[in-house]
Amino acid sequence: MIKIDNLTKKFGAHISLDNVSCEFNKNESIALMGANGAGKTTLIRSILGYYHPDEGSVAINGLDPIKHRINVLQEISFVPQLPPPIKLNIDELIQYISISANVDKEKIMHYANEMKLDLKANLNKSFFKLSGGMKQKLLIAISLAKKSTIIIYDEPTANLDPKARDDFYRLLKQNEEEKVLLFVTHRLEEVKDLVNRQIYMDLGKVVSDEKI
Ligand SMILES: Nc1ncnc2c1ncn2[C@@H]1O[C@H](COP(=O)(O)OP(=O)(O)OP(=O)(O)O)[C@@H](O)[C@H]1O
Ligand SMILES: [Mg+2]
């Protein structure tokens, strides 16, 4: 489903991805690990078509994520490492997402509720005024409500309290549809029950890749 071929991404003289090749296929749940600055987020942004490769290519179900951005993003649920600076209030944001990405509002409400995020009390609040954990909970609720064949999480639990982490992992385990799950984490023990492949990156390269 995701095919990365000899991908190199540089920022100035710095090589963030150094000739990376790998494939992620249906029914794979991957823990993507590695030190700060290893290139994990750069890899994910390349998959999402945010970055133009210097060399090599990315294909999502055969499509280039830059040329076919809309089609590719329709297939993907994504929670970023840092929440985007959205000025819309929660009501407007949910409305926007339900229309633009065809996500059922009631499902967003349902998953927010499961994550112990009280949306009804915050509908008039701007997204950027929510606490870090509340933002993350809402983005997670949206990602779960959007039925996607590719799910990408970039350290989604960093701002969550322990109870919210448990809730999140419980909800993820319930989703047994055929999909690819790519999960960036620094805590393998948290995702052990969830993943069947682990990849380590260092200095822009994949240094180990094994099924578990
Ligand atoms: N937009 C950018 N402009 C310049 N340099 C960048 C940019 N994005 C990433 N880099 C550089 O690329 C390298 C890899 O960064 P990346 O964010 O991919 O690391 P990471 O593995 O996700 O780390 P972390 O665990 O801290 O999130 C770093 O040296 C970073 O400074
Ligand atoms: Mg990162």
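Further up the page is the structure itself.
Draft legend 1. Focus on the coordination of the magnesium ion (ligand 2). The magnesium ion (ligand 2) binds to the protein through Thr 41 (OG1) and Gln 81 (OE1); the donor distances cover 2.0 to 2.3 Å. One end of the pair, Thr 41, is in helix H1 (residues 40-47); the other, Gln 81, is in the loop between strand E5 (76-79) and helix H3 (90-100), with 40 residues separating them in the sequence.

Draft legend 2. Inspection of the pairing of strand E2 (residues 14-24) at higher detail. Pairing of strand E1 (residues 2-11) with E2 involves seven bridges; the strand directions are antiparallel. Considered in E2, the bridge of Lys 9 is made with Leu 17. Between E1 and the antiparallel strand that follows it, E2, lie two residues; Gly 12 among them carries a positive phi value of about 60°.

Draft legend 3. Spotlight on empty space enclosed by the protein. For the structure on display, the rule yields one cavity of 30 Å³ or more. Here the largest cavity defines a volume of roughly 40 Å³.

Draft legend 4. Region of interest: helix H4 (residues 105-114). For H4, every residue scored as buried is listed here: Ile 108, Tyr 111 and Ala 112. On an axial view of H4, the arc spanned by its buried residues comes to 105°, and they lie on one face. For H4, the exposed residues set more than 90 degrees away from the buried face come down to Glu 106 and Asn 113. Elements in contact with the buried residues of H4: H3, helix H5 (132-145) and helix H6 (162-174). Its side-chain oxygen at 2.9 Å from the backbone nitrogen of Glu 106, Asp 104 defines the N-terminal cap of H4.

Draft legend 5. Broad picture of the sheet that holds strand E8 (residues 197-202). Spatially, six strands are ordered E5-E6-E7-E3-E8-E9 in an open sheet, and the strand pairing comes out mixed. Of all the strands in the sheet, the pair left with one neighbour each is E5 and strand E9 (205-211). Across the sheet, the mean angle separating the axes of adjacent strands is 15° when strand polarity is ignored. Each of E5 and strand E6 (150-154) is contacted by H5, which is oriented at about 170° to E5, the strand it contacts most.

The rules behind the values
- Residues numbered from 1 in each chain as written.
- Chains lettered and ligands numbered in written order.
- Predicted model: local features only at pLDDT ≥ 70, side-chain atom pairs only at ≥ 80, totals over all residues.
- Heavy atoms only, no water.
- Donors = N, O, S within 2.8 Å, 3.2 Å for Na, K, Ca; no water.
- Helix = DSSP H or I, 4+ residues; strand = E, 2+ residues; numbered from the N terminus.
- Pairing = 2+ DSSP bridges.
- 1 Å grid on protein atoms, 1.4 Å probe; cavity = no way out; pocket = protein on both sides within 12 Å on 5 of 7 lines; lining within 4 Å.
- Points joined across faces, edges and corners; volume = space filled by probe spheres on them.
- Buried < 20%, exposed > 50% of the residue type's maximum accessible area, 1.4 Å probe, protein only.
- Arc of directions from axis to C-beta.
- Contact = heavy atoms within 4.5 Å.
- Polar contact = N/O pair within 3.5 Å; in protein donor to acceptor, adjacent residues only side chain to side chain.
- Axes fitted to C-alpha atoms, helices over the stretch in contact; angles between N-to-C directions.

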